Amino acid sequence: MRYYPKSAQGIEMNTSTAETIGLLEQWEEWDGDQYENDLIYEFEEKYGVAPDRLITFEDSKGGEISGLSGFESGTTYLLFDKKESGEEWDAFLDLLGDNQLDIVEGKWSQLS
């Protein structure tokens, strides 16, 4: 196994953010699965943009995630591909801006 560089953009997820984007129920039901969860499916249905995953980064030397930059360890993010674009993406960015929410860009190394 070795570390591979990863990068993404995302929004910090918490109860307030979930309420703002209209997915509070799905957030409260999230079971920790990064890829298969109702929040990701509902987000894509609502905004026409497909999140990559929902993850809580835990940065630790020798752990699965190492060298975290841009994102905060112990914080949950809804991640998107850095190449995301289009009308739906722009509309989502407008919603974030209207609610003082920011897209965060980050990178890390992940053990695979």
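In what follows, the structure referred to is the one given above.
Just so you know, these numbers come straight off a predicted model, no measurement behind them.

1. Some words on the pattern of salt bridges
Close approach of charged atoms lets side chains of opposite charge pair.
So, step 1. Considering all chains together, one arrives at two salt bridges under this definition.
So, step 2. Two residues, Asp52 and Arg53, come together in a salt bridge whose shortest N-O distance is 3.7 Å.
So, step 3. Of the residues examined, Arg53 reaches a relative accessible area of 4% and is grouped as buried.

2. Some points on the side chain of Gln26
So, step 1. Along the polypeptide, Gln26 turns up in helix H2 (residues 24-29).
So, step 2. On the basis of relative accessibility, which here comes to 15%, the residue Gln26 falls in the buried class.
So, step 3. Residues contacting Gln26, with those up to four places away along its chain left out, are Asp38, Leu39 and Glu42.

3. Here's the deal with the environment of Asp102
So, step 1. Along the chain, the position of Asp102 falls in the loop between helix H4 (87-98) and strand E5 (104-111).
So, step 2. Sequence-wise, Asp102 and Gly10 are 92 residues apart; in three dimensions their C-alpha atoms are separated by 8.4 Å.
So, step 3. Sequence-distant contacts of Asp102, that is, excluding residues within four places in its chain, are made with Gly10 and Ile11.

4. Let's talk about the nonpolar core
Nonpolar side chains tend toward joint burial in soluble globular proteins.
So, step 1. Of all hydrophobic cores here, the largest spans 17 residues; its most connected members are Ile11, Met13, Ile21, Phe43, Leu78, Phe80 and Phe92.
So, step 2. Elements with a contribution of two residues or more to this core: helix H3 (38-47), strand E4 (76-80) and H4.
So, step 3. Of the residues forming this core, the biggest block, four residues, is contributed by H3.
So, step 4. Residue contacts for Phe43: discarding those within four places in its chain leaves Ile21, Leu23, Gly48, Val49, Pro51, Leu78, Phe80 and Phe92.
So, step 5. Core analysis: the second largest hydrophobic core is formed by nine residues, Ala8, Phe57, Ile65 and Tyr77 among them.

5. Notes on unusual backbone geometry
So, step 1. Backbone geometry at Gln100 places phi at a positive 55°, although glycine is not the residue there.
So, step 2. Here Gln100 is to be found in the loop between H4 and E5.
So, step 3. On the accessibility criterion, Gln100 (66% relative accessible area) is exposed.

6. Some points on the sheet that holds strand E2 (residues 53-56)
So, step 1. Across the sheet, five strands lie side by side as E2-E4-E1-E5-E3; this open sheet has antiparallel pairing. Where the open sheet ends on each side, the last strands, each with one partner, are E2 and strand E3 (65-69). Geometrically, the sheet is characterised by an average inter-axis angle of 40° between neighbouring strands, direction not taken into account.
So, step 2. Running over the sheet, H3 touches E2 and E4 and is turned about 45° from E4.

Calculation criteria
- Residues numbered from 1 in each chain as written.
- Predicted model: local features only at pLDDT ≥ 70, side-chain atom pairs only at ≥ 80, totals over all residues.
- Heavy atoms only, no water.
- Salt bridge = Lys/Arg side-chain N within 4 Å of Asp/Glu carboxyl O.
- Buried < 20%, exposed > 50% of the residue type's maximum accessible area, 1.4 Å probe, protein only.
- Helix = DSSP H or I, 4+ residues; strand = E, 2+ residues; numbered from the N terminus.
- Contact = heavy atoms within 4.5 Å.
- Core = buried A, V, L, I, M, F, W, Y, C linked by side-chain atoms within 4.5 Å.
- Pairing = 2+ DSSP bridges.
- Axes fitted to C-alpha atoms, helices over the stretch in contact; angles between N-to-C directions.

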